[in-house]
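Okay, here's what each chain looks like letter by letter:
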Amino acid sequence: MNKKIKYLVIIIINVISITGCISENEIESSMRPPKLSVREAKIENIIDDTLSSKAKLVTVDMGKDSGSIKAIDLDNDKNEEIIVFYTLESDENPLRLLVLTNNSGSWTINNNIRGVGNDFDRVLFRDITGDKNLEIIIGWNTGEYINKGLNVYQYIDGDVKDIFKDVYEEMACEDIDGDNISELMLIKLDKVNLKSWAELYTYKDNRLVVESKEEMDGTVNGHYGLKVGKASENKMGVFIDSGIGAHSSETELLVYEKGKLNNVFFDKKRGIVEKTFRAYGTESQDIDNDKIIEIALLRVPKGYENKAMAYIPWITTWHSWDGLDGLNFESEGYHNISEKYYFKFPNKWDKNITVSPQDKGKSGNKDTLTFTYVNKEESYPLLTIVSYEVDFWNRLRVDEKEKYMEITRKLNKIYLVSLIDYDYTDEINDMKLTLDEIKDSFRLME
């Protein structure tokens, strides 16, 4: 048995203060009853007896976090269960999930879930049934090009029961209809027949049933992003970002209205979405921290109208849903993808602002981006943001460093700005920014 697995489990168990004995439940056919004395030996024996030498812990996407071991109170009894994700490489279906239950101080392992496929897609813990207990929602990567497997498990009295299974391309499990109970949303895609649709499941009469089904754009390559959040002050929405063709993309917004899903931008007659079409892939997000998710579009900056698409430094414009079938402009800015930062344009900047990225120097340690105001045929540089590897920055001459002021730094990267000190006309001078304004507009990307 891999020592790292044992030690990780020991640490997790110790943190939640295990006491008592371990019951002698068989998990695998080869399991022997453990003979335990001290706490550490108990856990080591559990792992030794349950997981063979070919077992390996696997890191699983669990929504807001990820890991191989999860301590969580599934049945709302104020005691945490422990869930272990691992694989058995020698098995035809290698995916495994162990649930350890604490019964009056005695730990029992009597739930060993066998998965399908070759990897975990994601695992969520939500109350779908409305009984205040958490169901285990598991997505399995089956190896197929599109569809993944799905199982929903109910945890009752220390036992795990499989209550639902299906396939999906993307999924979410959140409170979409505002009843304080999570609903299951499955996005499905049929590439052969160019069809896509969303299914919203609710728990009724002791089973998950389709509450609403809504058509989606079936011409997409696939859905690469899905977020559930506020579409407006009083309505939740499901934002689905999709790839189209070689590099383009779009966003579909599903809103729950009058007891059913509504794909607000979808043209039902043509079967496509046009309002949110853009040249490259972007992801919907709450860009301005107002608790409402915005949709990203792209526009061409001045001076690049005749350039090939690959050479255009696209400006990202952010829009909120208008409550009907349109968009409201909120803000815009520039994503420096390679250097992992976003610069939000201040309100006083307009479409006369353009950007000029420059290739890194011969050293490969400097990235340069200049913001310029374009008025008719004249260009007026306003500021230049640069980023250096910290080690390289520390070796620069003092006179080189004096050109810049620090914005921020992270790990081995430092971000700086050089302000243009030319005196322009009053109109153009008003477009200049102070260091504090630049810091307010600058944001590192996760």
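Quick caveat, the model's predicted, so the values are computed rather than measured.

**Some words on the overall build of the protein chain**
Summing up its helical and strand segments, the protein chain has 6 helices and 31 strands in all. Sequence separation of at least 24 residues holds for 45% of the intrachain contacts in the protein chain that already meet a minimum separation of 6.

**Examining the environment of Thr-108**
For Thr-108, the location among the structural elements is in strand S7 (residues 106-114). With 50 residues separating them in the primary sequence, Thr-108 and Gly-158 have C-alpha atoms 8.7 Å apart.

**Concerning the confidence of the model for the protein chain**
Residues of the protein chain with pLDDT of at least 70 account for 86%, and the chain-wide mean is 86. Within the protein chain, helix H1 (residues 3-15) has the poorest average pLDDT of any element, 48, and strand S23 (residues 315-321) the best, 98. In this model residues 10-40 is a low-confidence stretch, pLDDT under 50, and it forms 66 contacts with partners more than four residues away in sequence or in other chains.

**Regarding the packing of aromatic side chains**
Following the criterion strictly, the structure yields 18 aromatic pairs and no others. Consider the rings of Phe-345 and Phe-371, whose centres lie 5.9 Å apart with planes at 90°: the pair is edge-to-face. With Phe-345 in the loop between strand S25 (341-344) and strand S26 (353-358) and Phe-371 in strand S27 (residues 366-375), this pair connects stretches of sequence that are 26 residues apart. Residue Phe-345 is classed as buried on the basis of its relative accessible area, which comes to 3%.

**Some details on the sheet that holds strand S15 (residues 207-216)**
Two modes of strand pairing occur in sheets, parallel and antiparallel, and in both the strands are linked by backbone hydrogen bonds. Strand order in this open sheet of 4 strands is S12-S13-S14-S15, and the pairing throughout is antiparallel. Lying at the two open borders of the sheet, with one neighbouring strand each, are strand S12 (170-174) and S15. For this sheet the average axis-to-axis angle between neighbouring strands, irrespective of direction, equals 20°. Across 5 bridges, the pairing between S12 and strand S13 (residues 183-190) is antiparallel. Residue pairing for S13: Glu-170 is matched across the bridge by Ile-187.

**Quick word on the nonpolar core**
Ranked by internal contacts, the top residues of the largest apolar core, which has 25 residues, are Phe-343, Phe-345, Trp-349, Phe-371, Leu-382, Leu-383 and Ile-385. Top contributing element to this core by residue count: strand S28 (residues 378-389), with 4 residues. Each residue touching Leu-382, except ones within four places of it in the same chain, is listed here: Trp-349, Ile-353, Phe-371, Thr-372, Tyr-373, Leu-419, Ile-420, Tyr-424, Ile-428, Met-431 and Lys-432. Val-58, Ile-83, Phe-85 and Ile-136 belong to the second-largest nonpolar core, a separate cluster that totals 20 residues.

**Let's talk about the pattern of salt bridges**
Per the stated rule, a full pass over the model turns up 22 salt bridges. Across the salt bridge formed by Asp-65 and Lys-70, the nearest N and O atoms sit 3.2 Å from each other. When its relative accessible area of 35% is taken as the criterion, Asp-65 is described as partly exposed. Residue Lys-70 is classed as buried on the basis of its relative accessible area of 17%.

**Remarks on the environment of Ile-414**
Along the polypeptide, Ile-414 turns up in strand S30 (residues 413-419). Residue class for Ile-414 comes out buried when judged on its relative accessible area of 1%. Between the C-alpha atoms of Ile-414 and Val-390, which are 24 residues apart in sequence, the distance is 5.8 Å.

**Notes on the side chain of Asp-75**
Relative to the helices and strands, Asp-75 is located in the loop between strand S4 (69-72) and strand S5 (81-88). Leaving out residues up to four positions away in the same chain, Asp-75 has contacts with Glu-81, Asn-133 and Tyr-155.

**Observations regarding the pairing of S5**
The element S5 is extensively covered by neighbouring structure, given that 8 of its 8 residues are classed as buried. Judged by which residues are buried, S5 turns out to be covered on both faces: Glu-81, Ile-83, Phe-85 and Thr-87 on one side and Ile-82, Val-84, Tyr-86 and Leu-88 on the other are all buried. Taken together, the 3 bridges between strand S1 (residues 55-57) and S5 define a ladder with antiparallel strand orientation. Within S5, the position partnered with Ala-55 by the bridge is Leu-88. Examined bridge by bridge, S4 and S5 share 4 bridges and lie antiparallel to one another. Paired with Ile-72 across the bridge in S5 is Glu-81.

How each quantity is defined
- Counting restarts for each chain: residues are numbered from 1 in the order of the written sequence.
- At least 70 in pLDDT is required for a residue's local features to be given in this predicted model, at least 80 for side-chain atom pairs to be given and counted, and no such filter applies to totals for whole chains, interfaces and linings, which use all residues.
- Excluded from the side-chain calculations are hydrogens and water; all other atoms, namely the structure's heavy atoms, are used.
- Runs of H or I in DSSP of at least four residues are treated as helices and runs of E of at least two as strands, each being numbered from the N terminus.
- In what follows, residue pairs with any heavy atoms lying within 4.5 Å of each other are defined as contacts.
- One number per residue, pLDDT, summarises how confident the predictor is, and it ranges from 0 to 100.
- Each Phe, Tyr or Trp ring, with Trp reduced to its six-membered ring, pairs with another whose centre is within 6.5 Å; inter-plane angles below 30 degrees give stacked pairs, above 60 give edge-to-face pairs, and intermediate values give tilted ones.
- With a 1.4 Å probe rolled over the protein chains alone, any residue whose accessible area is under 20% of its type maximum counts as buried; one over 50% counts as exposed, and the rest are partly exposed.
- Strands pair, by our definition, only if DSSP identifies at least two bridges between them.
- Helix axes use the C-alpha atoms of the stretch in contact, all axes being lines fitted to C-alpha atoms, and the angles between their N-to-C directions lie in the range 0 to 180 degrees.
- Definition of nonpolar core: a set of buried residues of the types Ala, Val, Leu, Ile, Met, Phe, Trp, Tyr and Cys, connected through side-chain atoms within 4.5 Å.
- We define a salt bridge as a side-chain nitrogen of Lys or Arg found within 4 Å of a carboxyl oxygen belonging to Asp or Glu.

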